[in-house]
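Close look at the chain arrangement
Below are the chains, spelled out letter by letter.
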Amino acid sequence: MYITAQFSVFMVNKPGILAHILSEIANAKINIIAMTVMDSVEHGVLRLVIDQPQKTEIILTQNNLPFSKSDVLCVDLDNHAGALAKVAELLAGNHINITYAYCTAGAKGGRTTGVLKVADVAKAMKILQENHKRLPKSQPQLRRARSSARR
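All of the points below concern the structure found in this document. For every chain, the first residue of its written sequence is number 1, and the numbers climb from 1 along that sequence. Per-residue local features are limited, in this predicted model, to residues with pLDDT of at least 70; the limit for side-chain atom pairs, both in listing and counting, is 80 or more; totals at the level of whole chains, interfaces and linings are taken over all residues. Heavy atoms from the whole structure form the basis of all side-chain values; hydrogens and water molecules are not counted.

**Digging into the nonpolar core**
In this text, buried Ala, Val, Leu, Ile, Met, Phe, Trp, Tyr and Cys residues form a nonpolar core when linked through side-chain atoms within 4.5 Å. Partly exposed residues are those whose accessible area sits between 20% and 50% of the maximum for their type, while under 20% is buried and over 50% is exposed, using a 1.4 Å probe and protein chains only. If you look at the biggest cluster of nonpolar residues, it comprises 15 residues, and the most contacted ones within it are L73, V75, V87, L91, L116, V118 and L128. For this core, the secondary-structure elements that each account for two or more residues are β4 (67-78), α3 (83-93), β6 (111-118) and α4 (121-130). The way it works is that DSSP assigns letters per residue, a run of H or I at least four long becomes a helix, a run of E at least two long becomes a strand, and they are numbered from the N terminus. When residues in this core are grouped by element, the largest group, five residues, is from α4. Judged by nonpolar contacts, the second largest core, of 13 residues, contains F7, L48, I59 and L60.

**Considering the pattern of salt bridges**
By convention in these notes, a salt bridge is any Lys or Arg side-chain nitrogen within 4 Å of a carboxyl oxygen on Asp or Glu. Enumeration over the complete set of coordinates arrives at two salt bridges. A salt bridge links K69 to E57, with the nearest nitrogen and oxygen atoms 3.0 Å apart. One end of the pair, K69, is in strand β4; the other, E57, is in helix α2 (residues 53-62), with 12 residues separating them in the sequence. Relative accessible area serves as the criterion here: at 46%, K69 is assigned to the partly exposed category.

**What about the packing of α3 against α4?**
An axis is simply a line fitted to the C-alpha atoms; with a helix, the fit covers only the stretch in contact. Between two such axes, the angle follows the N-to-C directions and lies from 0 to 180 degrees. Their axes nearest at 10 Å, the elements α3 and α4 cross at an angle of 115°. The orientation of α3 with respect to α4, classified from their angle, is roughly perpendicular. For the crossing formed where α3 meets α4, the hand is right-handed. Side by side, α3 and α4 meet where V87, L90 and L91 of the first sit next to A124, I127 and L128 of the second. Working definition: roughly parallel below 35 degrees, roughly antiparallel above 145 degrees, roughly perpendicular at 65 to 115 degrees, and oblique for all remaining angles. Helix crossings fall into two classes, left-handed where the near helix is turned counterclockwise from the far one by less than a right angle and right-handed where it is turned clockwise. Whether two residues are in contact is decided by their heavy atoms: any pair within 4.5 Å suffices.

Right under this line is the structure:
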C-alpha cells in the first residue's frame, strides 16, 4: 500500500487524442500502473497512475495537455470478488469517503491494485495498515472450463 500521484488529463473527444497521449508516455519510457477513462459529451478525463510522476508532468506540459495532479492511495488487493468491498467497508466504518476508485487488471500471483481517491490519504492508509489482518486473504479457486457446446 502506498500514496502516489494521479494525473487527471482532460481530453477533447476526438479520434487519436488518447493514442497521442499514450504514445508520448510510452516514448518517454514511463510505465502506466493503472488507468481509467471517463467521458462526457464535450470531453474525456484520463486518470493515470504512473511510475515516474515528475517525468509525466513534463510530458503533459510539453504537449499542452490540461491536467491536474492529486494524491491517491494504491492498495494491493487479492484479485477476487469482494476484495475491494472489504476495503471500502473498512474505510466507511471509519468515516472516510471514497470519492472514486478503480482497479488494475489482474496481475501474476492473483494480485491487483485498487486506486482510491479519498479526502485524507494518510488517515485511510493508517486505518488499512492497522486492520490489514481483517482483510480477506487470497484463496485458491478452482474454476471449471466453460463448455462452448450447448446441450
